[in-house]
Amino acid sequence: MTDHRTVKAEYSPSSNSRCAECMDHIDEDTLRMGVERKKPNTFRYFHPECFYPPAYLTSWKDVQNANALKRKDRMLLKRMIEHQRPSRYAQPKHKRAHDDDEKEQQLREKYEKMQLPQLKEVLHYNDQTMSGRKAQLVDQCVDGEMYGALERCPQCGVGHVHPHKKDGDVVYSCAGYYEKEAGVYRPCPYSSHDAPRVEWRMPGQPKPQRLPSILKKYNLKTKITPAMEYQPARDAADTALELAREMKLDLPKDDRAARLAVGVIMLDNKRDDDSFDLKSTLETAARRHPPKQKELPPNHDLAEAFGELSAYEGHFGDTWRAVAYRRAASAIEDLPFKLDKDKHTDGFLLKKENHIEHIGKSSVHHIEEWLKTGKIEELERLRKEVEVQEEEDEASSKFKKAKE
């Protein structure tokens, strides 16, 4: 064990840590597994159901702090390490047909005979992730042939969807993707109990038919031309915003904030020849900002303000805060009751029994500020910063043209 990274088991001291596999928070006082990073004494944490024991771990006693666990957690640890671990891709028993077990066994035998490069070739052909040990790749192939190949994330349109176990059921989530152009990682909050799939194909067979473009249902009358895609970034962002408005997407009312929201997506879809893929931009925008419902939720204006905060933070490069505000906006939009100035202020939402998922201390402060004053000071500050920045860019552009 001395030549390998330390693996430990402990109870989470707070709800701040995130699972490195599914990116969800690990609840306070619940079991979490830690694997040491390259930097000594720093760990990546996992839910027990998201943790895959390293090959060098042969006994539960080799796990640091294992003896301090409760008996039921020690038994869970023993089953995970010393017995065959259930696949995170396995469907719950109540969702499986009677003959599924036999079919799964046949497929497992088929894929286990393949070498690692062959498995990766099959996964690549079906646009699936190819990382992990052979056992994990076999699980992916078996799951794909039985239930269909997982599509790319329906929300960000770029990241891969990964299944993981939660409360005995399978949950599909997207951790995000790396944007090479900007050199940053873009997290994605997508999570669902179901995920779009297409028919599984073996190499040599016709490629899987992907889902039709989401743009078809919006009846976009303006035709996207190459001239639009080869415009300078700012002009292309204006064009993308006009098209998004034509699609009646639920973007911020303020044009500046809406342009930033669309612009961030557009930069993610920049091609190698410096043109912008406006079709992919609008598809992703339609997933992130679907049109408004006829009856607006009770806290729609507040949710829209948080959406605007997310757009500005993304513009200034604070990706994690942008995602946090986007999640908060979604949580506020989904509330079935109207947030009230008299009831939901003075720390009411900070109490454990009143906690709303994805609403942290900073978000509670902004909510209370909105309920009391009708505005958010941080949002006003960011609006002014963007306004000043745009004025400076415009002045600089005029100066360059005059100089030429």
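A.B. asks: Explain the packing of helix α6 (residues 233-246) against helix α7 (residues 255-268) here, please?
C.D. replies: In a pair of packed helices, the angle between the axes and the distance between the axes together describe the arrangement. As a packed pair, α6 and α7 sit with axes 9 Å apart at the nearest point and diverge in direction by 105°. Looking at the two axes, α6 sits roughly perpendicular to α7. For the pair α6 and α7, the contacting residues are A233, A236, A237, D238, A240, L241, A244 and R245 in the first and D255, A258, R259, V262 and M266 in the second. Each residue belonging to the contact of α6 with α7 can be placed in one class, and the counts come to nine nonpolar, no polar and four charged.

A.B. asks: What exactly am I supposed to notice about the side chain of D73 here?
C.D. replies: Within the fold, D73 resides in helix α1 (residues 71-82). The charged side chain of D73 is buried without a salt bridge, its nearest counter-charge being K72 at 5.3 Å. In terms of polar contacts, D73 uses its side chain to reach the side chain of Y11, at 2.6 Å.

A.B. asks: Would you mind showing me how to read the environment of D277 here?
C.D. replies: By secondary structure assignment, the location of D277 is in the loop between α7 and α8 (278-288). Taking the C-alpha atoms as reference, D277 lies 9.3 Å from Y230; in sequence the two are 47 residues apart. In this structure, D277 is in contact with E229, N269 and R271, ignoring residues within four places of it in sequence.

A.B. asks: I tried to follow the nonpolar core on my own but got confused; where do I start?
C.D. replies: As a rule of thumb, soluble globular proteins bury nonpolar side chains together. If you look at the biggest cluster of nonpolar residues, it comprises 25 residues, and the most contacted ones within it are F306, L309, Y312, I332, L339, I359 and I367. Of all the secondary-structure elements, those providing two or more residues to this core are α7, α9 (300-315), α10 (319-333), α11 (361-373) and α12 (377-403). Considering each element in turn, this core owes the most residues, six residues, to α9. Non-local contacts of I359, meaning those with residues more than four positions away in its chain, are made with A328, A331, I332, V364 and I367. Formed by 21 residues, the second largest nonpolar core is a distinct cluster that contains M228, A236, L241 and L249.

A.B. asks: Would you explain the environment of Y125 in this entry?
C.D. replies: Mapping Y125 onto the fold places it in helix α3 (residues 116-125). Along the backbone, Y125 and W200 are 75 residues apart, and their C-alpha atoms lie at a distance of 9.3 Å.

A.B. asks: Please explain unusual backbone geometry as it appears in this structure.
C.D. replies: Residues other than glycine seldom take positive phi values, yet D127 does so here, at roughly 55°. Note on placement: D127 falls in the loop between α3 and α4 (134-147). Phi at H358 is positive, roughly 75°, even though this residue is not glycine. Of note, H358 is situated in the loop between α10 and α11. The exposure class of H358 is partly exposed, given its relative accessible area of 35%.

A.B. asks: What should I look at first to understand the pairing of strand β1 (residues 7-11) in this one?
C.D. replies: Working note: regular strand, side chains alternate between the two faces of the sheet. Of all five residues making up β1, four are buried, and the element is well covered by its neighbours. Of the strand pairs in this sheet, β1 and strand β2 (residues 31-36) are connected by five bridges, and their pairing is antiparallel. Pairing of Y11 across the sheet is with L31, part of β2.

A.B. asks: Is there a simple way to explain the pattern of salt bridges in this structure?
C.D. replies: Working definition: two side chains of opposite charge can pair if their charged atoms are close together. One pass over the structure, following the stated rule, counts 15 salt bridges. For R245, the salt bridge identified is with D255, shortest N-O distance 3.0 Å. Note that R245 is positioned in helix α6 and D255 in helix α7, a separation of 10 residues in sequence. Among the ionic pairs, R381 bridges to E385, the shortest N-O distance being 2.2 Å. Taken together, the positions of R381 and E385, both in helix α12 and four residues apart, correspond to about one turn of that helix. Among the charged side chains, a network of salt bridges with common partners joins K8, E10 and R32.

Definitions and cut-offs
Residues numbered from 1 in each chain as written. Predicted model: local features only at pLDDT ≥ 70, side-chain atom pairs only at ≥ 80, totals over all residues. Heavy atoms only, no water. Axes fitted to C-alpha atoms, helices over the stretch in contact; angles between N-to-C directions. Helix = DSSP H or I, 4+ residues; strand = E, 2+ residues; numbered from the N terminus. Parallel < 35°, antiparallel > 145°, perpendicular 65-115°, else oblique. Contact = heavy atoms within 4.5 Å. Nonpolar A, V, L, I, M, F, W, Y, C, P; charged D, E, K, R; others polar. Buried < 20%, exposed > 50% of the residue type's maximum accessible area, 1.4 Å probe, protein only. Lys, Arg positive; Asp, Glu negative; His and termini not counted. Salt bridge = Lys/Arg side-chain N within 4 Å of Asp/Glu carboxyl O. Polar contact = N/O pair within 3.5 Å; in protein donor to acceptor, adjacent residues only side chain to side chain. Core = buried A, V, L, I, M, F, W, Y, C linked by side-chain atoms within 4.5 Å. Pairing = 2+ DSSP bridges.

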